[in-house]
Structure formats: C-alpha cells, structure tokens
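# An overview of the molecular structure
This is what each chain is made of:
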2 protein chains.
Amino acid sequence: MPGATRGRANTDADSGDARARLVAAAVEFFARKGFHATTTRDIATAARMSPAALYVHHPSKEDLLYIISRDGHRQTLRLVRGAVAVSPDPAVQLATIADRFAEHHATHHETARIVNYELSALSPDHLDEITAIRRAIEAEVRAVVERGVAAGIFDTPDIAMTTMALLSLGVDVSRWYRDDGTWTPERIGTYYRSLALRIVGSRVS
Amino acid sequence: MPGATRGRANTDADSGDARARLVAAAVEFFARKGFHATTTRDIATAARMSPAALYVHHPSKEDLLYIISRDGHRQTLRLVRGAVAVSPDPAVQLATIADRFAEHHATHHETARIVNYELSALSPDHLDEITAIRRAIEAEVRAVVERGVAAGIFDTPDIAMTTMALLSLGVDVSRWYRDDGTWTPERIGTYYRSLALRIVGSRVS
C-alpha cells in the first residue's frame, strides 16, 4: 500500500500535492468550525484553489471527511497492531497501546477530534467502512485484555466495558489536550501506561 | 436561587415556557448539527416562534449556548458536591462522584456533548465564567483525591493528572453512549465506581 501511494505521487505529483493541500485545509476548517458549518469555498480558498478545482479531486465535502476519517482510523489500527507486536506479554502490549494511543491523540488532537466527533456526518456506506475499522481497533485491544485475564495477570470483571474505558480514556485526550498546556504528549503517554495497567487490575502495575 | 426562578416562572409563565422551548430546541440542533451550522431560524422554528420573537428572549445564538453551558456546568458542580456530601470517606466520595458523573453523562449525553465540545464558540466573557465553574468541579475532585492520598488509602503518583483522567473518563461517556446500546446509564455508573477506585490505587477497590 505505501508503495502504491508513492508510485502515484511520483507520476502525478501536482495532483497529489493538490489533494494533500485540500485535506490539510479541510482538517483546519472541520476542527475550527465543525463539518456542517464548513463550506467547500472555505476549503478551496485555504488550499489556494477554485471550488470547481476542488470537485476535480473530491466530489463532495463529505468525501474529504471520509478520507480524513479513513486515514486517521487506519493509522490508529496500525498503531495498535504495532504496539501488540512489541512483546508477547499482554501487560507490555497494553501499556504500549495506552502510551502510543494517548500520545497520538495529544499530538494529532485536531485530526483526532474530527475522526471521533464527526462520524454522524459520514454517508451510510462510508460510516460502515469506518465502523469496520473501529471494530478492528477495539478487537485488538479487547484481545490483549482477554489474553491478560486468561494468563492470570489481569483481573477485570467485564472485558467489554474495560476495553471501552481504555479506548475512551485515550480518545478523550484529543478533547482536553492543549498545545500550550503543561503536559507534553510524551508525558501523557507515559502516565497512561500505568493508568491502563491499573484499569485492568494488572499485577505488575 | 431556585426560589427566584420559581417566582419569575409564576409571574411570567408564558415567557418562562418560551425560554424553555428555545433552550430545548437549541439543545436539539446544537447536538445534531453543531453550534456553528445551526441558524437562529432553525431554533425559532423548532420552538414554534419567529426569529424576531427569539431575540426578545435571547440576544444571540451564543446566548443560548451560554445558558445551556452554564446550567449544565452548574448541574455537574452540584452533582459532584452532592456526592462528596454522602460520606466523610474519600473512597466513598470518589466512587459516588464517578458513578453519578458517568451516569449523568450517559443520560444527558446530548447536552453534555454541547457543554463539553462547543466551549470555543462561547464569547470570551462567557467562557471565563464557564471556565471558573469547570475549575470548581476539578477542584472538588482533586480535593477528594488529595484527601485519599493524605489518608493513605489512595496511591497515585500525580494528583493533577489523575484528576484529569477521572473527569476525562466520565466526560467521554457522552461521546460513546448510545440510547440503543447494551449498557444502561445505571450499569455504566456502577462500573465506573470501580474504575475510579482502581485509577487512584485505592486499597478498597
């Protein structure tokens, strides 16, 4: 997949650059004004394009939201799978997920807000596709909790609700995080390692 | 304060009813479309009024957002203070806060989303007032955590960050909660009691 993207950029650099500018402009406006209040003219102007040129690349404002949401969710799924791959130990896997997930939601808080708070603006087909990625993310985290409980190193009365709480705690970082706040994304990530281990009742926390 | 409100409603029932209809209509539209994309016409029509009649009660759309936000935050502050009042034991206080806070954010998820996700749309003066109430809520929760640590029944390395995590976990319920989901607000509240005690490293969890 990365190879295919690179290939396209090499043969069609201007078009790829225009698309990237449109996505960046859409992130900026969706984050500031919300999806519904953003106009295609806002996005086109910020990307130094005419509204007509925007439609060459994206058939609608919703299509831009879909691209942002799809890419954001795919990135989070890769992040979680990468964290699971660092160790066979469920405690290390969970701590790494919590760390990277929280740090990601701080660093990329603008995109993360759009990805998590504008789902209802997606078309039904696009929402189905995004929901499938969200379920895959949840399944990865739940599987780590299940393995920890099965191994006797985690102790939690409801694996589904604990999984929801773990994801919820990380997602909400994107709401409260401020670039001018006292806590860096790295420090938040480190703290969330221990919070996650406490939430699952880990013996090593 | 409740006496003053009742008195006003008794002497000016129609006006009070109109205000309540406008607030209910604003909650509905802000929750569905977001503050920026909602028009005063949307709100007036849903409240069965002309836009001109809306301005008799509220000078702007932002004024309605302010009323919703102020009342929502005051309600949460009362909820937290009421939970602290149930017992002198910090563990009982914290468990009660977590229970009621999470249940509230599930039951009133539409209002809670507006209250927490539309702060940037408030005027500077109104934001200052709301921020003061948010700081009071945070101070109540932090004081409970501090008392628990001082009493040796909680064990947490960073009281400020732990307080943020406790509030964050409760607020985010309003994002993921669904009326047609499997978990009732009551069940979520009960589960969040134990999550909160785990997060603070309570010896009684």
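About the criteria used
Residues numbered from 1 in each chain as written. Chains lettered and ligands numbered in written order. Predicted model: local features only at pLDDT ≥ 70, side-chain atom pairs only at ≥ 80, totals over all residues. Heavy atoms only, no water. Core = buried A, V, L, I, M, F, W, Y, C linked by side-chain atoms within 4.5 Å. Buried < 20%, exposed > 50% of the residue type's maximum accessible area, 1.4 Å probe, protein only. Contact = heavy atoms within 4.5 Å. Buried area = accessible area lost by both parts, 1.4 Å probe. Salt bridge = Lys/Arg side-chain N within 4 Å of Asp/Glu carboxyl O. Polar contact = N/O pair within 3.5 Å; in protein donor to acceptor, adjacent residues only side chain to side chain. Helix = DSSP H or I, 4+ residues; strand = E, 2+ residues; numbered from the N terminus. Nonpolar A, V, L, I, M, F, W, Y, C, P; charged D, E, K, R; others polar. UniProt positions renumbered as here; feature names shortened; annotations may be inferred. Expected span 1.5 Å × (residues − 1). Least-squares fit on C-alpha atoms with pLDDT ≥ 70 in both.

## Re the nonpolar core
Core analysis: the biggest nonpolar cluster contains 76 residues, and L94(A), I188(A), Y192(A), L94(B), I188(B) and Y192(B) have the highest contact counts within it. When sequence neighbours within four positions are dropped, the list of residues in contact with Y192(A) reads A98(A), A102(A), L169(A), V173(A), W176(A) and A165(B).

## A few points about the interface of chain B and chain A
How large an interface is tends to be reported as the accessible area lost when its parts come together. Tallying the contact residues gives 32 residues for chain B and 32 residues for chain A. Both sides together, the interface formed by chain B and chain A hides about 2900 Å², and carbon and sulfur atoms give 64% of it. Looking at the side of chain B facing chain A, the largest losses of area belong to M161(B), Y191(B) and R198(B), adding up to 26% of the total buried there. On the surface where chain B and chain A come into contact, there are two salt bridges. Between chain B and chain A we count 15 residue pairs in polar contact (both at pLDDT 80 or more) in total. Listing elements by their share of the side of chain B that touches chain A, those giving two or more residues are α2 (13-33), α7 (109-117), α9 (159-171), α10 (173-176) and α11 (185-199) of chain B. For the side of chain B that touches chain A, the per-class residue count stands at 17 nonpolar, six polar and nine charged.

## Quick word on the UniProt feature "domain: HTH tetR-type" (unreviewed entry) in chain A
The UniProt entry lists residues 16-76 of chain A under the feature "domain: HTH tetR-type" (unreviewed entry), expressed in the numbering used here. Taken end to end, residues 16-76 of chain A has its terminal C-alpha atoms 23 Å apart, with 79% of it in helix and 0% in strand.

## Description of helix α5 (residues 61-84) of chain A
For α5(A), spanning 24 residues, the distance from its first C-alpha to its last is 35 Å, which sits close to the expected 34 Å at 1.5 Å a residue. At the N-terminal end of α5(A), a side-chain oxygen is found 3.4 Å from the backbone nitrogen of E62(A), two or three residues along, and the residue is S60(A).

## Examining the UniProt feature "DNA-binding region" (unreviewed entry) in chain A
Residues annotated in UniProt with the feature "DNA-binding region" (unreviewed entry) correspond here to residues 39-58 of chain A. Across residues 39-58 of chain A, the secondary structure splits into 70% helix and 0% strand, with the terminal C-alpha atoms separated by 13 Å.

## Quick word on the relation of the copies chain B and chain A
When chain B is brought onto chain A, the operation consists of a screw motion whose angular component is 180 degrees and whose axial shift is 0.0 Å, with 0.0 Å RMSD remaining. Taken together, the rotation and translation describe the operation of a two-fold axis. The position closest to the rotation axis in chain B is occupied by the C-alpha of A37(B), lying 2.2 Å away. A shared binding surface is used by both copies, with 100% of the interface residues of chain B retained as interface residues in chain A.

## Thoughts on the environment of R203(A)
All names here are of chain A. With respect to the secondary-structure elements, R203 resides in the segment after α11 (185-199). Spatially, the C-alpha atoms of R203 and A31 are 40 Å apart, while their sequence positions differ by 172 residues. Those residues in contact with R203 that sit more than four places away from it in its chain are G152 and I153.

## A closer look at the side chain of Q93(A)
Residues and elements named next belong to chain A. When you line up the elements, Q93 lands in helix α6 (residues 90-107). Engagement of the side chain of Q93 in a polar contact is seen with the backbone oxygen of V84, the distance being 3.1 Å. Here Q93 is in contact with A83, V84, S87, P88, V144 and R147, once residues within four sequence places are set aside.

## Quick notes on the pattern of salt bridges
Any two side chains of opposite charge can pair, given that their charged atoms come close. Scanning all chains against the criterion turns up 18 salt bridges over all chains. The partner of R175(A) in a salt bridge is D172(A), and the shortest N-O contact between them spans 2.7 Å. Residue K33(B) pairs with D42(B) through a salt bridge whose shortest N-O separation is 2.9 Å. Note on K33(B): relative accessible area 26%, which makes it partly exposed.

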